[in-house]
Amino acid sequence: PTPEPQIRTYTVKPGDTLSGIASNPRVRVNMRLLQCINGLVDPNLLQPGQELLIPPDGYSCPPGWRRPAGSPSPSPSLEP
């Protein structure tokens, strides 16, 4: 059996932007999905050291789901 794809994380560095992170070759994910999965109301308010969830390819943000604010290691049920 094929192993289930894992959610990765990315630690925000000084000067990072959400669009820059989304287009990073190691991340490559839709910016809106990245915003939704991480519950970012304002994508311009990233903080260095903040940890973002990076979903596997083919996943989407379930309707109405947002990462709880301050949640250090959430394990959302993402839908392929």
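Residues numbered from 1 in each chain as written. Predicted model: local features only at pLDDT ≥ 70, side-chain atom pairs only at ≥ 80, totals over all residues. Heavy atoms only, no water.

A. Region of the structure containing the nonpolar core. Counting residues in hydrophobic clusters, the biggest one holds 16 residues, and the most contacted among them are Leu 18, Ile 21, Val 27, Leu 34, Leu 46 and Leu 52. Contributions of two or more residues to this core are made by helix 1 (18–23), helix 2 (31–37) and strand 2 (51–54). Once residues within four sequence positions are removed from consideration, Ile 21 is found in contact with Tyr 10, Val 12, Asp 16, Val 27, Leu 34, Leu 46 and Leu 52. (Core = buried A, V, L, I, M, F, W, Y, C linked by side-chain atoms within 4.5 Å. Buried < 20%, exposed > 50% of the residue type's maximum accessible area, 1.4 Å probe, protein only. Helix = DSSP H or I, 4+ residues; strand = E, 2+ residues; numbered from the N terminus. Contact = heavy atoms within 4.5 Å.)

B. Fine view of the side chain of Asn 38. Relative to the assigned elements, Asn 38 resides in the loop between helix 2 and strand 2. Looking at Asn 38, its side chain comes within polar contact range of the main-chain oxygen of Leu 34, at 2.9 Å. (Polar contact = N/O pair within 3.5 Å; in protein donor to acceptor, adjacent residues only side chain to side chain.)

C. Molecular detail of unusual backbone geometry. One non-glycine residue with positive phi stands out, namely Arg 28, at about 40 degrees. With relative accessibility at 57%, the residue Arg 28 sits in the exposed group.

D. Here's a closer look at the environment of Pro 14. In this structure, Pro 14 sits in the loop between strand 1 (8–11) and helix 1. Judged by its relative accessible area of 69%, Pro 14 falls in the exposed class. Each C-alpha atom of the pair Pro 14 and Gln 47 lies 7.6 Å from the other, and the pair is 33 residues apart in sequence.

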